[in-house]
Structure formats: structure tokens, C-alpha cells
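# Residue-level structural notes
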Amino acid sequence: MAILVTGGLGFVGSHFVWAASRVGREVVVLDDGSAGTDPPMPAGVTTIRGDIGDKALVRDLLRRASVDAIVHFAGKIQVGESVTNPALYLDVNLVRALALLDCAREASVLRMVFSSTAAVYGEPEVVPIVEDAPKRPVNAYGASKLAFEYALEAYGKAYGLKWAALRYFNAAGAQEDGLLREMHEPETHLIPLVIDAALGRRPPLTLFGTDYPTRDGTCERDYIHVSDLVSAHLRAIALLEQGRDVGPLNLGTGRGSTVREVIDAASRILGKPVPFNVGARRAGDPSALVASPARAEQVLGWRAVRSDLPTLIEDALRSRR
Ligand code: UDP
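Residues numbered from 1 in each chain as written. Predicted model: local features only at pLDDT ≥ 70, side-chain atom pairs only at ≥ 80, totals over all residues. Heavy atoms only, no water.

## A look at the site of the ligand
For clarity, the threshold we go by: Here, proximity means that at least one heavy atom of the residue falls within 4 Å of the molecule or strand. Nitrogen and oxygen atoms within 3.5 Å of one another constitute a polar contact, given that in protein one can donate a hydrogen and the other can accept it, and given that sequence-neighbouring residues count only through two side-chain atoms. Here, Shrake-Rupley sampling with a 1.4 Å probe gives the accessible areas, and only protein chains in the shown set may cover a residue. By the criteria applied, helices consist of DSSP H or I runs no shorter than four residues and strands consist of E runs no shorter than two, each listed in order from the N terminus.
Looking at the ligand, there are 15 residues lining it, with Leu 190, Thr 206, Arg 221, Arg 282 and Asp 285 nearest. For the ligand, an oxygen atom lies 3.2 Å from a polar atom in the backbone of Thr 188. In this structure, Arg 221 approaches the ligand through a side-chain N or O atom, which is 2.7 Å from an oxygen atom. Considering the ligand on its own, with 510 Å² of exposed area, one finds that the protein chains cover 87% of that surface. Secondary structure elements with two or more residues in the shell around the ligand: α6 (190–198) and β8 (205–208).

Below is the structure:
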């Protein structure tokens, strides 16, 4: 039986496809190509270019590929864009995702692992953040992801869907062979921007704000290696296949790094300074987002093992050389 991977050409999705193939799973990718990335795919993986909201297409492929689980990565991911264009985020991340979910129900494909986000929490009152913390998203990105989690929960109760909503903190790094890399267009994420600035491929980094209430005044984030993310997905699928419920889980390390700590670690590893200018705060940035991964560790029997800052940066760097 195959796993349908939506968004399999994206950063986390492509890493998942390779990891799932390596453990012998049959994979079918559905991706509309909107991320503009064209990562290599393992032999034997079928890639269908199309829209998750195209019900005729999805029905047909669920039937023909005999899919028994869906890992749903496809979606829009830029917080800032979601503030200026919420219609797009609600359309892709919610309306079209609901079409996919409903096709799955019709086809009795009752297992789904969903790429969710720490943005469902908004500005947390307490860190590390536990799954039951208040969910008050502050942008349409987080709201659209949270709304889809509620849909999963309702489908679980009504139709017996087994689901996991994996709330990623800051995904980073790359698989060790350097074949895949983090690439977004435009790139807005800190670690690739820091590396490219140090290598002289981009202008100096702008450090968004030094007046946050953190240990050095810069924002604190919980960076998690993409290889650790994908191993959590594989474990979640295995549990769903055993008939277990998983629900929402934070994927992070429980340890935060500030922007300055990322810059310092990168310049140590690269052996050269990271050129940067201090700029104003970026709208919508919470001061600290750090996961409590306790529930994920307990439910999945999983731990982040490659998410220390030096490993993350070294793996990201290898993939960008
Ligand atoms: N950041 C920065 N300069 C940049 C990009 C990001 O100072 O050019 C900061 C950003 O304000 C945040 C952290 O780096 O505190 C991580 O940002 P990123 O966009 O990578 O992830 P986010 O936390 O927004 O999901």
C-alpha cells in the first residue's frame, strides 16, 4: 500500500519522500509545483503535478495508487504573506485541504499525518509550549493550520479518521548526503540567509530586532532538524497503521537559540564572520517560541537527535556548497 505525500517537492516533504523510500515504503507525490523547487526524487516514486483541491484528480489517484495513508505537507507557509493575503492562505491551507480530506473519507483512506505549525499558538504566555496551551494564532497562516486540525479532529470523531497534527517549530538543516536543501522563493528563513550572507551570495543579513525580552535581546526559536521531523512522521504513520490515535504533537527540542547564537555558531563553523545589520522588529514575530517535546517523545518514542545548532548548520551548509 502506498503513502500519498502532498507537497512532496517542498523542503520537508522531499526529505520525507527520501526517508520513506529508504525504509521501503511506496510513495506517490502530489504537488502543484508552486514552491518552484525541483528536488531529485528517489527511483520508483511517481510524481503527479496537480492541486490537492482537484477532487477528480485526487479521487482518481487514491483509487489507482491504492493509498492507505496520506502525509499532507502541501500548503502556503509565509507568515507575512498570510497577513496581507489571508484569502490565499485560507483557500490553500483550509478549503483545498478540506477537499483532499473529503476525498480521503470517500475512498476510506482513514489515516492522515498533517504538517502543522507552532504558529497555531500565537504569542505564547509560557515557554516551553505544551500542546494544550491556548491556541490564539496571530496570522492567517496559523489560523488556517489550526482550522484544519479541527477538521481532522471532527473527521476522527465522525468517520474514524486516525490522524496526527505535527506542529513544527523551526525546521532547518538538510539530509546528510547534501542532495536536498532548504529552498524557498523568496527565502525568508534565518539559517539559509545566515549561511548565504557569510558565503557572500546574498547581502548582509538584517537582524530583526535586538530589544526582545530574551537573554541577548534577539528572538529565541527552537530549531529542529528536518531529518528529526521526518523520523517523527514515520513513527506517527506506524502508530496510525496500528490503529492508534496520535493527535497534535509539538516537534521541537525544548531548547531555544537566539538569532545572535545562530549567527555566532554559523561564523564559528564557517570560519568567517556573518555580515549583518541590526534592523527593526519584523511584524508578527513572538519573542520566544520553544516547544515542550515531552508528549511527542512519549507518544512516538522519538527524540530529536540531529537538532543541535552545530549539526543543523553543518548539514545546511553542506547542502548549500
Ligand atoms: N530573522 C532575522 N533576519 C532574517 C530572517 C529571520 O533576524 O532575515 C529572525 C526572525 O525575526 C526570527 C528568527 O530569525 O526571530 C527565525 O525566523 P525564521 O523566518 O527563520 O522563522 P520563523 O520563526 O519566522 O518561523
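## Some thoughts on the sheet that holds strand β9 (residues 220–221)
Picture the strands of a sheet paired through backbone hydrogen bonds; they go either parallel or antiparallel. Defined as follows: Strand pairing follows a simple DSSP-based rule, namely that at least 2 bridges must link the two strands.
On the basis of which strands lie adjacent, the open sheet formed by three strands has the order β12-β9-β14 and mixed pairing. Here the strands that pair on one side only, and so sit at the sheet edges, are β12 (257–258) and β14 (288–289). With two bridges joining them, β9 and β14 adopt parallel strand pairing. Bridge pairing in β14 places Glu 220 opposite Ala 288.

## Focus: the pattern of salt bridges
As a reminder of what qualifies: We define a salt bridge as a contact between a side-chain nitrogen of Lys or Arg and a carboxyl oxygen of Asp or Glu at a distance within 4 Å. Relative accessibility under 20% of the residue-type maximum defines a buried residue, over 50% an exposed one, and the middle range a partly exposed one, all with a 1.4 Å probe and only protein chains included.
A full pass over the atoms with the stated rule returns 28 salt bridges. Two residues, Glu 241 and Arg 25, come together in a salt bridge whose shortest N-O distance is 2.8 Å. Of this pair, Glu 241 sits in helix α7 (residues 226–241) while Arg 25 sits in the loop between α1 (11–22) and β2 (26–31), placing them 216 residues apart in sequence. Judged by relative accessible area, Glu 241 falls into the partly exposed class, the value being 28%. With a relative accessible area of 23%, Arg 25 lands in the partly exposed category. As a salt-bridge pair, Asp 245 and Lys 162 come within 3.6 Å of each other at their nearest N and O atoms. Residue Asp 245 is located in the loop between α7 and β11 (247–251), and its partner Lys 162 is located in strand β6 (residues 162–168); the two are separated by 83 residues in the primary sequence. Judged by its relative accessible area of 52%, Asp 245 is exposed. The exposure class assigned to Lys 162 is partly exposed, which follows from its relative accessible area of 23%.

## Thoughts on the packing of aromatic side chains
The condition that has to hold: Working definition: a ring pair exists when centres of Phe, Tyr or Trp rings (six-membered ring for Trp) sit within 6.5 Å. Plane angles under 30 degrees give stacked, over 60 give edge-to-face, the rest tilted.
Tallied over the full model, the rule gives four aromatic pairs. Between Phe 114 and Phe 148 the ring centres are 4.8 Å apart and the planes differ by 65°, which places this aromatic pair in the edge-to-face class. Of this pair, Phe 114 sits in strand β5 (residues 111–117) while Phe 148 sits in helix α5 (residues 140–159), placing them 34 residues apart in sequence. Each of the two residues, Phe 114 as well as Phe 148, counts as buried.

## A few points about the packing of α1 against α7
Packed helices, taken two at a time, are described by the angle their axes make and the gap between the axes. Basically, it comes down to this: Only the contacting stretch of a helix is used when fitting its axis, a line to C-alpha atoms as for every element, and angles between N-to-C directions run 0 to 180 degrees. Any angle that falls under 35 degrees is termed roughly parallel, while one over 145 is termed roughly antiparallel, one within 65 to 115 roughly perpendicular, and all others oblique. Helix crossings are classified by the rotation of the near helix relative to the far one: an anticlockwise turn of less than a right angle makes the crossing left-handed, while a clockwise turn makes it right-handed. In this description, contact between two residues means that some pair of their heavy atoms is separated by no more than 4.5 Å. Note on residue categories: nonpolar means Ala, Val, Leu, Ile, Met, Phe, Trp, Tyr, Cys or Pro, charged means Asp, Glu, Lys or Arg, and polar means any other residue, Gly included.
Packing of α1 against α7 brings their axes to within 9 Å, and their N-to-C directions diverge by 60°. Between α1 and α7, the angle is such that the two are oblique. Viewed along their axes, α1 and α7 form a crossing whose handedness is right-handed. Residues Phe 11, Val 12, His 15, Phe 16, Ala 19 and Ala 20 of α1 lie in contact with α7, whose contacting residues are Val 226, Leu 229, Val 230, His 233, Leu 234 and Ile 237. Classifying every residue of the contact of α1 with α7 gives 10 nonpolar, two polar and no charged.

## Side note on the side chain of Arg 167
Relative to the helices and strands, Arg 167 is located in strand β6. Looking at Arg 167, the relative accessible area reads 3%, which means it is buried. With residues up to four places along the chain from it excluded, the contact list for Arg 167 reads Ser 116, Thr 117, Ala 118, Val 120, Tyr 121, Glu 131, Lys 135, Glu 149, Pro 248, Leu 249, Asn 250 and Leu 251.

## Brief notes about empty space enclosed by the protein
Spelled out, the test is: In this analysis a 1.4 Å probe is tested at points of a 1 Å grid over the protein atoms alone, and where it fits but cannot get out there is a cavity; an open set with protein on both sides within 12 Å along at least five of seven lines is a pocket; lining residues have an atom within 4 Å of a point. Grid points are joined across faces, edges and corners, and a volume is the space filled by probe spheres set on the points.
The full count for this structure, using the stated rule, is one cavity of 30 Å³ or more. Of the pockets and cavities examined, the largest cavity occupies roughly 50 Å³. In terms of lining residues, the largest cavity is bounded by Tyr 121, Glu 123, Pro 124, Glu 125, Ile 129, Ala 133, Pro 134 and Arg 136. Across the lining of the largest cavity, the residue classes tally to five nonpolar, no polar and three charged.

## Observations regarding the side chain of Thr 214
Along the chain, Thr 214 falls in the loop between β8 and β9. Given the relative accessible area of 16%, Thr 214 is considered buried. Reaching out from Thr 214, the side chain makes a polar contact with the backbone oxygen of Thr 218 at a distance of 2.6 Å. In contact with Thr 214, not counting residues within four places along its chain, are Glu 220 and Ser 287.

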